[in-house]
Amino acid sequence: MLAAKTKDWFGMTKELLKINIGLQHPSTHGVLRLITELDGETVKSVEPVIGYLHRGMEKLAESRTYLQYLPMVDRVDYLSGFFCQEAFCSAVEKLSDIEVPERAKYIRCLLMELNRITSHLLWLGTYLMDLGASSPIFYAFREREMILRIFENLTGQRMMYNFHVFGGVKRDLSAEILDEIEKFLEIFPEKIKEYESILTDNPIFLSRTKGLGILTKNVALNYSITGANLRASGLNTDFRKQKPYLVYDKLDFEVSTETAGDCYARYLVRIAEMKQSQRIAAQCVDYLKNNSGEFKNSSVNPLAIKPQGEASSFVEAPRGLMICTVTADGSEKPYRVKWRTGSFYSVQILPELLKDRNFADIMAIFGSLDVILSEVDR
Amino acid sequence: MENFTEKFNIIDKIEQKDGSIKYVLPKNEVKNCIFHLKNSAEFSADMLLSIRAVDWVEKIELVYLLYSSKLNDFITISTMLEASNPVTDSVISVFKSAAFDECEIFDLFGVGFDGHEGMKRLLMPEFYVGNPLLKNACCKDERLVWND
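To start, this report covers the structure provided alongside it. (Residues numbered from 1 in each chain as written. Chains lettered and ligands numbered in written order. Predicted model: local features only at pLDDT ≥ 70, side-chain atom pairs only at ≥ 80, totals over all residues. Heavy atoms only, no water.)

1. Focus on the overall build of chain A
Helix and strand counts for chain A come out as 15 helices and 9 strands. A compact globule built from 378 residues would reach a C-alpha radius of gyration of about 21 Å, and chain A, at 22 Å, matches this within 12%. Each principal axis of the C-alpha distribution contributes one length, and for chain A these read about 80 × 50 × 35 Å. With 378 residues in all, chain A has 59% of them scored as buried. Counting contacts in chain A only where the partners sit at least 6 residues apart, residues at least 24 apart contribute 70% of the total. Element-wise, carbon and sulfur atoms account for 52% of the exposed surface of chain A, whose accessible area totals about 14200 Å². Positive and negative side-chain charges of chain A, numbering 47 and 49 respectively, have mean locations separated by a distance of 3 Å. (Helix = DSSP H or I, 4+ residues; strand = E, 2+ residues; numbered from the N terminus. Rg over C-alpha atoms; globule rule 2.2 N^0.38 Å. Buried < 20%, exposed > 50% of the residue type's maximum accessible area, 1.4 Å probe, protein only. Contact = heavy atoms within 4.5 Å. Areas by Shrake-Rupley, 256 points an atom, 1.4 Å probe, with all protein chains shown as cover. Lys, Arg positive; Asp, Glu negative; His and termini not counted. Charge placed at Lys NZ, Arg CZ, Asp CG, Glu CD.)

Okay, structure coming up:
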């Protein structure tokens, strides 16, 4: 398709070439369509077209009771189901003043941090595959599989867990599962070293990512970027520290930041985040092994939840801040549910980041933002 | 917050279940208010985290959620639009992140935003007629009968 005409130095007519990428493209992790205009190899403009994975999650909530909607929320972001569950459950718990027992909070924290590791590992493997390296995905999936086995033993599902209930979780973690998790957490730091030895100083990886797709602090804030993408630009906004939920204020961890704001910085932040997640998870396992208690608030009748008012929950998900706002009118169904997810805003920044870059850099930059399209379209 | 409550014509203050306060403003003051919150030394909002709409049948409510890392606090601004003519000012010139949010609200609720160029359907296909998240939007597809 031909677009705007310009004349070059010799007086020859030059035309921008319109190229369509997607919507089925292996690097988009979902269905994203990019309409690009190219001048030779240089990208002149990009227009992301979204909505191909729109399932009407917000509309569906209005015709279902709170309990009926609960199994669906995993699908908002299928790679980090526990975070979506936590966001919806804690919003409903705030609305109807449900107390969550201490042990349940630790269980939720532990599962969320393990989930963060699986999500970042999947990102690591597929991002490197986007860049043309085929072996890292086998290393990353090897460890991801270990966690998914644990989740499968615990919840019966590998990805759509449906494990939270209002006021706790469905099952207690048995001693065997805690042992399994502990075993994994012991070997995991070694495995991170393995990834780092392949990647961190790899000259090919460095030349593809360093200095590429620089996201400055002000642009990131203006576009409301959160999560690891924001922390790679030099800000330490981590809502686990800023506005602690569950038991994050009792756990010892650091917020990992980088200042460069390029693809490489985003890689470094995610690797550092996995180390911190391992640390948090180890503390949770330690607590769960040495303390007993209720794993759910048994006074809650999930069928009789009829709250009134409005409440939001803020969860630091792997892809940025996740907010679930539930507006209730006193009936058994939510009046309105709104999901605010990190990826929705990361997609929006693509035209800014890709302008005047090389065509081959499109996927290197887009991949580094860790966008999941199910979260964008909801 | 005192300076802010004096400067603008706050119609109502609603305490929400999560402890935050929602300030209800008339629709013509929202843009100025967000601009003020971004640039005032008192609050200096960094991010417009999200804009959401709620359909209250006669009115459509728009809720703007801002975050300030200086105060480490959220602030919620809300405004009511007449459902018969839901139009308000766009805040893209203040926060660029509003572009997708406003497109989404235009798409799902039919709210117009003055000053938003290139407004288009974001999530629903171009040929779709109607605004699915409005309460009176009903789906005539017989496969969805159980959806009530």
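What follows picks up the thread again.
2. Looking at the sheet that holds strand β2 (residues 21-25) of chain B
Residue and element names in this part refer to chain B. Taken together, 5 strands build an open sheet; the order of strands is β1-β2-β5-β4-β3 and the sheet is mixed. Of all the strands in the sheet, just β1 (12-15) and β3 (47-56) have a single pairing partner and so form its edges. Each adjacent strand pair in this sheet contributes to an overall mean axis angle of 25°, direction not counted. When β3 meets strand β4 (residues 59-68), the two strands line up antiparallel, connected through 9 bridges. If you follow Met47 over to β4, its bridge partner there is Tyr67. Together, β3 and β4 form the strand contacts of helix α3 (residues 98-109), whose direction differs from that of β3 by roughly 10°. (Pairing = 2+ DSSP bridges. Axes fitted to C-alpha atoms, helices over the stretch in contact; angles between N-to-C directions.)

3. Observations regarding helix α2 (residues 30-39) of chain B
Side chains three or four residues apart in an α-helix point the same way, a direct result of the helix having 3.6 residues per turn. Among all positions in α2 of chain B, only Val30, Cys33, Ile34, His36 and Leu37 of chain B are buried. The buried residues of α2 of chain B all sit within an arc of 160° when viewed along its axis, so they share a single face. (Arc of directions from axis to C-beta.)

4. Focus on the packing of aromatic side chains
Under the counting rule described, the total for this entry stands at 21 aromatic pairs over all chains. Taking the centre distance of 5.1 Å and the plane angle of 15° together, the rings of Trp123 of chain A and Tyr127 of chain A count as stacked. Of this pair, Trp123 of chain A and Tyr127 of chain A are both found in helix α4 (residues 102-130), 4 residues apart, which corresponds to roughly one turn of the helix. Residues Tyr248 of chain A and Phe253 of chain A carry aromatic rings whose centres are separated by 6.0 Å and whose planes lie at 70° to one another, so their mutual orientation is edge-to-face. Phe253 of chain A carries the same exposure label as Tyr248 of chain A, and that label is buried. One aromatic cluster is present, formed by Phe82, Phe151, Tyr161 and Phe163 of chain A through successive ring pairs. It is Lys241 of chain A that lies over the ring of Phe253 of chain A; its NZ or CZ is 4.2 Å from the centre. The ring of Phe95 of chain B carries Lys38 of chain B above its face, with NZ or CZ at 4.9 Å from the centroid. (Phe/Tyr/Trp six-rings, centres within 6.5 Å; stacked < 30°, edge-to-face > 60°. Lys NZ or Arg CZ within 6 Å of the ring centre and 35° of its normal.)

5. Remarks on the environment of Pro48 of chain A
Of note, Pro48 of chain A is situated in strand β4 (residues 42-49). With relative accessibility at 6%, the residue Pro48 of chain A sits in the buried group. Setting aside its immediate chain neighbours within four residues, Pro48 of chain A contacts Leu32, Arg33, Leu34, Val347 and Pro351 of chain A together with Phe100 and Lys120 of chain B.

6. Topic: the sheet that holds strand β9 (residues 334-340) of chain A
Residue and element names in this part refer to chain A. One open sheet accounts for 3 strands, arranged β7-β8-β9; its pairing is antiparallel. The open sheet is flanked by β7 (308-317) and β9, the only strands paired with a single partner. On average, adjacent strands in this sheet sit at an angle of 10° to one another, irrespective of strand direction. Across 6 bridges, the pairing between strand β8 (residues 320-329) and β9 is antiparallel. Bridge assignment links Cys324 to a residue of β9, and that residue is Trp339. Sitting on the sheet, helix α3 (residues 81-95) touches β7, β8 and β9, and the angle it makes with β7 is about 150°.

7. Here we look at the packing of α3 of chain A against α4 of chain A
Residue and element names in this part refer to chain A. Between α3 and α4, the shortest axis-to-axis distance is 8 Å and the interhelical angle comes to 145°. Of the residues in α4, those touching α3 at Gly81, Phe82, Phe83, Glu86, Cys89 and Glu93 are Arg108, Leu111, Met112, Asn115 and Arg116. In the contact of α3 with α4, the residues fall into 5 nonpolar, 2 polar and 4 charged. (Nonpolar A, V, L, I, M, F, W, Y, C, P; charged D, E, K, R; others polar.)

8. Re the pairing of β4 of chain B
All names here are of chain B. Of all the 10 residues making up β4, 9 are buried; the element is thus mostly covered by neighbouring parts of the structure. Between β3 and β4, which pair antiparallel and follow one another directly, the connecting turn spans 2 residues, one of which, Val57, has a positive phi of 65°. Two elements, β4 and strand β5 (residues 73-82), share 10 bridges in a ladder whose sense is antiparallel. For Tyr67, the partnering residue across the bridge sits in β5 and is Phe74.

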